[in-house]
Amino acid sequence: MEPRLIRLVAVGDNVVDRYPDLGVMYPGGNAVNVAVHARRTGAESGYLGAVGTDEAGRVVRDALAAEGVDLSLLRTVDGPNAFATVRLVAGERKFTGGREGVSRFRLSPADLVRLAAADIVHTGECSFLEGQLDQLAAHARRLSFDFSERPWDYVEEHARHAGIAILSSPSGSREEALALARRVRALGPATVAVTLGAHGAVLVSGAAGDSAAGVLEGSRDLVAWGAAEPVAVVDTLGAGDAFIARLLVGLARGEDLPALAVAATAYASHACTSYGAFGHEAPLPSTKETP
């Protein structure tokens, strides 16, 4: 039996990731990356955000169209597209600068109505939408939010709006990640994921009953671990977003949590084997770059 077709809309940031050492750029940004990887993993996906009228904006727009992402909610705004400058150190991406360009926008009442039709709406800490999270949460069937490595006061303020919360703790241990996931679960999200870079990820989610395999002692929560697969790492940029996309599609399909943890971390691992968040290389403009 074919799995039900899932509809995901990612809302918020986009950039071109500039690699000055390679002379190229790639489309990216958390929301864009999640939309593309959700499409690649079998979901219908859309992107709601603002791109510029320059060459970088065209690169983002064309890549999304080529990937089959629904662009009916896309805004094109006169001005420069957002960009981030990336340098690689032994395959590990390092952001060294950037500009937000025309990427800031506000959701309209019509946007919120359209978003209500999606199975999952995803946004995150780079999207400048904190002031409308209450509206997003009220309209979305399930709202996913990427907190990345934001400090606890930020998480504590906004986690109550999210049904699915994703955090990053690349230097943390499994024990620390599990403690963090439980702490965030207590704020309200039904499912919390904490990614640990090369050490995989932990998922904590509400369980249907105490008899389910993996139930934590004294809790109705399920916990699952996913170990990163050994791959030849070229570029870690976007691996976390690949994980998020596979996680969200799996959650929407009702996949088994332990199997989903493994599948999502494996998918993220393989995203590290090529440059950029999802490909679509373009030459870097020869104009002088703003650091």
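Residues numbered from 1 in each chain as written. Predicted model: local features only at pLDDT ≥ 70, side-chain atom pairs only at ≥ 80, totals over all residues. Heavy atoms only, no water.

**Comments concerning the nonpolar core**
Of all hydrophobic cores here, the largest spans 47 residues; its most connected members are Y47, F243 and L247. Mapped onto this core, the elements with two or more residues apiece are β1 (7–11), α1 (30–40), α2 (55–66), β11 (164–168), β13 (201–206), β14 (221–226), α7 (239–253) and α8 (257–270). When residues in this core are grouped by element, the largest group, eight residues, is from α7. In this structure, L247 is in contact with I166, A193, L203, L260 and A264, ignoring residues within four places of it in sequence. Counting 34 residues, the second largest nonpolar core, distinct from the first, contains V9, L112, A162 and V202. (Core = buried A, V, L, I, M, F, W, Y, C linked by side-chain atoms within 4.5 Å. Buried < 20%, exposed > 50% of the residue type's maximum accessible area, 1.4 Å probe, protein only. Helix = DSSP H or I, 4+ residues; strand = E, 2+ residues; numbered from the N terminus. Contact = heavy atoms within 4.5 Å.)

**Description of the sheet that holds strand β7 (residues 83–89)**
Reading across from one edge, β8-β7-β2-β3-β15 is the order of the five strands in this open sheet, with mixed pairing throughout. Each edge of the open sheet is held by one strand with a lone partner, namely β8 (92–99) and β15 (282–283). Two elements, strand β3 (residues 24–28) and β15, share two bridges in a ladder whose sense is antiparallel. Residue pairing across strands places M25 opposite A282, the latter belonging to β15. Along the sheet, α2 contacts β2 (15–19), β3 and β15; its crossing angle with β3, the most-contacted strand, is approximately 55 degrees. (Pairing = 2+ DSSP bridges. Axes fitted to C-alpha atoms, helices over the stretch in contact; angles between N-to-C directions.)

**Some details on the state of the cysteines**
Here the structure, examined in full by the defined rule, presents zero disulfides. Residue C126 stays outside any disulfide, its sulfur separated by 18 Å from that of C272, the closest cysteine. On the basis of relative accessible area, C126 is assigned to the partly exposed category, the value being 36%. Of the residues examined, C272 reaches a relative accessible area of 9% and is grouped as buried. (Disulfide = S-S within 2.5 Å.)

**Some thoughts on unusual backbone geometry**
The phi dihedral of F128 is positive, around 60 degrees, even though this residue is not glycine. Tracing the backbone shows F128 in the loop between β9 (120–124) and α4 (133–139). A positive phi angle, close to 65 degrees, is found at H280, a residue other than glycine. With respect to the helices, strands and loops of the structure, H280 is situated in the loop between α8 and β15. Using a relative accessible area of 30% as the deciding quantity, one classes H280 as partly exposed.

**Some details on the packing of aromatic side chains**
Scanning the model with the defined rule gives four aromatic pairs in all. The interplanar angle of 80 degrees and the centroid separation of 5.4 Å between the aromatic rings of Y19 and Y26 together place this pair among those described as edge-to-face. The exposure classification of Y19 matches that of Y26, with both residues buried. Both rings, one in F145 and one in Y154, keep their centres 6.4 Å apart while their planes meet at 40 degrees; by these two values the pair is tilted. Side by side, F145 and Y154 carry an identical accessibility label, which is buried. Chaining the aromatic ring pairs together yields one cluster made of F145, F147 and Y154. (Phe/Tyr/Trp six-rings, centres within 6.5 Å; stacked < 30°, edge-to-face > 60°.)

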